[in-house]
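Residue strings, one per chain:
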Amino acid sequence: MTWNPKLIGSYLLMGACLILIACNIGAFLFIPKVATPLAIILSNAITVVLMLLAYQPVNRLMQKSFQEKAREFVEKEKELEGLKDTVASLENRNRELESRLDTWGQMGSAPSNVNFTFKVETMTFDKSGYIVKEEPVERFLSDPAYRLADKNGVFDKVGRWMDDVMHPGQKKVLYIGKFYAKASVGIDFTKIKFAVKDGAVSLFGVRFTKLNDLAVTPDDDDVNHCWLINEDDFGVSINPSGLYQDFTQAYSDIRAKESAEALEAEVDALCNNCTAIFRQNLLERFPGTTFCDSIEDSTETWYSLKEHIGDPGIYPIASNMFLMADVLSSSAGIINTPALK
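Calculation criteria
Residues numbered from 1 in each chain as written. Predicted model: local features only at pLDDT ≥ 70, side-chain atom pairs only at ≥ 80, totals over all residues. Heavy atoms only, no water. Helix = DSSP H or I, 4+ residues; strand = E, 2+ residues; numbered from the N terminus. Buried < 20%, exposed > 50% of the residue type's maximum accessible area, 1.4 Å probe, protein only. Salt bridge = Lys/Arg side-chain N within 4 Å of Asp/Glu carboxyl O. Pairing = 2+ DSSP bridges. Core = buried A, V, L, I, M, F, W, Y, C linked by side-chain atoms within 4.5 Å. Contact = heavy atoms within 4.5 Å. Disulfide = S-S within 2.5 Å. Phe/Tyr/Trp six-rings, centres within 6.5 Å; stacked < 30°, edge-to-face > 60°.

Draft legend 1. Here's a closer look at unusual backbone geometry. One non-glycine residue, arginine 147, lies in positive phi territory at about 65 degrees. With respect to the secondary-structure elements, arginine 147 resides in the loop between β1 (119-136) and α3 (154-166). Assessed through its relative accessible area of 38%, arginine 147 is described here as partly exposed. You will see that aspartate 198, though not glycine, has its phi angle at about 55 degrees, which is positive. The topology assignment puts aspartate 198 in the loop between β3 (193-197) and β4 (200-204). On the basis of relative accessibility, which here comes to 77%, the residue aspartate 198 falls in the exposed class.

Here is the structure:
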């Protein structure tokens, strides 16, 4: 406990006042009876003076005691509030746990049904490279797709004549374009259907397809240009004339479209090859199974594999298809083919 010098002084001053009051009372007991009335008045006056002197230390001590009691009360209030918050938090936590247990109990009592409701991604097709082409402009003068055939007005002819004078030599178009292709390939089991006739199973939709186009981020160093150039005996130069701007833009767009179509054709060829191998492996395990690529004209009743996976006649076939697709997905990885030429 730390003692305050003012409190120590208050205690000492109050003690001294009490001693003086006691001495005052004791001293006047020995005064003769003749002087008693005067002694009483004098004693009371001295007592009042001593009480006035003792008032300030007594008041300071009372304030100190009150502050200590008030501090204890505030601390008790804080402890009580903390206990209330703890109790409320525990009650909320208990209520959440009871709700979770009830939810889990209800879900556990409900029957489970696992279906093939997903796509199995077996591989990723990834390809990138450059397409470089150089062709004479005269090949495209009469093709409306390249926007030169419709420029036969007087001003167009004069402009081309002046360009031939300023930029002599054979005109060619030079195209340099970077292409990217990245896609996931696999089987969508939700699209597979089956029909049963005379104990034989026919399957529709057992085919590898492109499931999704995957995002590709071009490199900052990629080169993409389509220039009109002039070539003569002195060398090759870039023709900056705006007369052929529509032509070079059209040429660039058509070449980019050709690249995309070539990549799609390559993905289709990959899917067809995987489909043939997959079907052959399935036939080796389940002879008599047939595959259909179209059921529009079929008279059979076709059922969704997803909704009838528990059918005893189809379950072994479906399980083997899933296992084979899963093995392919874990072993095929990324198919990175050479760049287009």
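Draft legend 2. Quick peek at the pattern of salt bridges. For the structure shown, the criterion picks out 10 salt bridges. With its nearest N and O atoms 2.7 Å apart, the salt bridge here joins lysine 172 to glutamate 231. With lysine 172 in strand β2 (residues 170-188) and glutamate 231 in strand β6 (residues 225-232), the pair connects residues that are 59 residues apart, well separated along the chain. Among the residues examined, lysine 172 registers a relative accessible area of 15% and is labelled buried. Given the relative accessible area of 31%, glutamate 231 is considered partly exposed.

Draft legend 3. Broad picture of the sheet that holds β4. Taken together, four strands build an open sheet; the order of strands is β8-β4-β3-β9 and the sheet is mixed. Each end of this open sheet is capped by a strand with a single partner; those strands are β8 (290-292) and β9 (303-304). Sheet topology places β3 next to β4; five bridges connect them, and they run antiparallel. Following the sheet pairing, alanine 195 is matched in β4 by serine 202.

Draft legend 4. Representation of the nonpolar core. Ranked by internal contacts, the top residues of the largest apolar core, which has 43 residues, are Leu203, Phe247 and Met321. Taken together, the elements giving at least two residues each to this core come down to β1, β2, β4, β6, α4 (245-285) and α5 (315-331). With nine residues, α4 is the single largest residue contributor to this core. If sequence neighbours within four positions are ignored, leucine 203 has contacts with Lys193, Phe194, Leu282, Thr289, Thr290, Phe291, Cys292, Trp302, Ile314, Ile317 and Met321.

Draft legend 5. Molecular detail of the state of the cysteines. Enumeration over the complete set of coordinates arrives at zero disulfides. No disulfide involves cysteine 271; its sulfur sits 6.7 Å from that of cysteine 274, the nearest cysteine. For cysteine 271, a relative accessible area of 3% gives the class buried.

Draft legend 6. Representation of the packing of aromatic side chains within the structure. Here the structure, examined in full by the defined rule, presents 10 aromatic pairs. Centre to centre, the rings of tyrosine 146 and phenylalanine 247 are 6.1 Å apart; their planes meet at 50 degrees, and the pair counts as tilted. Of this pair, tyrosine 146 sits in the loop between β1 and α3 while phenylalanine 247 sits in helix α4, and the two are 101 residues apart along the sequence. Both residues of the pair, tyrosine 146 and phenylalanine 247, belong to the buried class. Between tyrosine 146 and tyrosine 251, the ring centres sit 6.0 Å apart and the planes meet at 45 degrees, which makes this aromatic pair tilted. A residue pair is termed long-range when its members are at least 10 positions apart, and tyrosine 146 in the loop between β1 and α3 and tyrosine 251 in helix α4 qualify at 105 residues.

Draft legend 7. Layout of the side chain of serine 304. Tracing the sequence through the fold places serine 304 in strand β9. Setting aside residues no more than four positions away along its own chain, serine 304 makes contact with Ile192, Lys193 and Phe194.

Draft legend 8. Summary view of the pairing of β2. Within β2, 14 of the 19 residues are buried, which leaves the element mostly enclosed by the surrounding structure. Pairing of β2 with β6, which is carried by seven bridges, proceeds in the antiparallel orientation. Note that in β6 the partner of leucine 174 across the bridge is tryptophan 227. Where β2 meets strand β5 (residues 209-213), four bridges bridge the pair, whose relative direction is antiparallel. Of the residues in β5, the one forming a bridge with alanine 183 is aspartate 213.

Draft legend 9. Representation of the pairing of strand β7 (residues 235-238) in the model. The sheet contact formed by β6 and β7 spans four bridges and is antiparallel. Residue pairing across strands places asparagine 230 opposite serine 237, the latter belonging to β7. Count of turn residues in the β6/β7 antiparallel hairpin: two residues.

Draft legend 10. Geometry of the environment of valine 267. The topology assignment puts valine 267 in helix α4. Residues valine 267 and serine 184, spaced 83 residues apart in sequence, show a C-alpha to C-alpha distance of 9.8 Å. Ignoring anything within four residues of it in the chain, the contact list for valine 267 reads Phe125, Val185 and Lys210.

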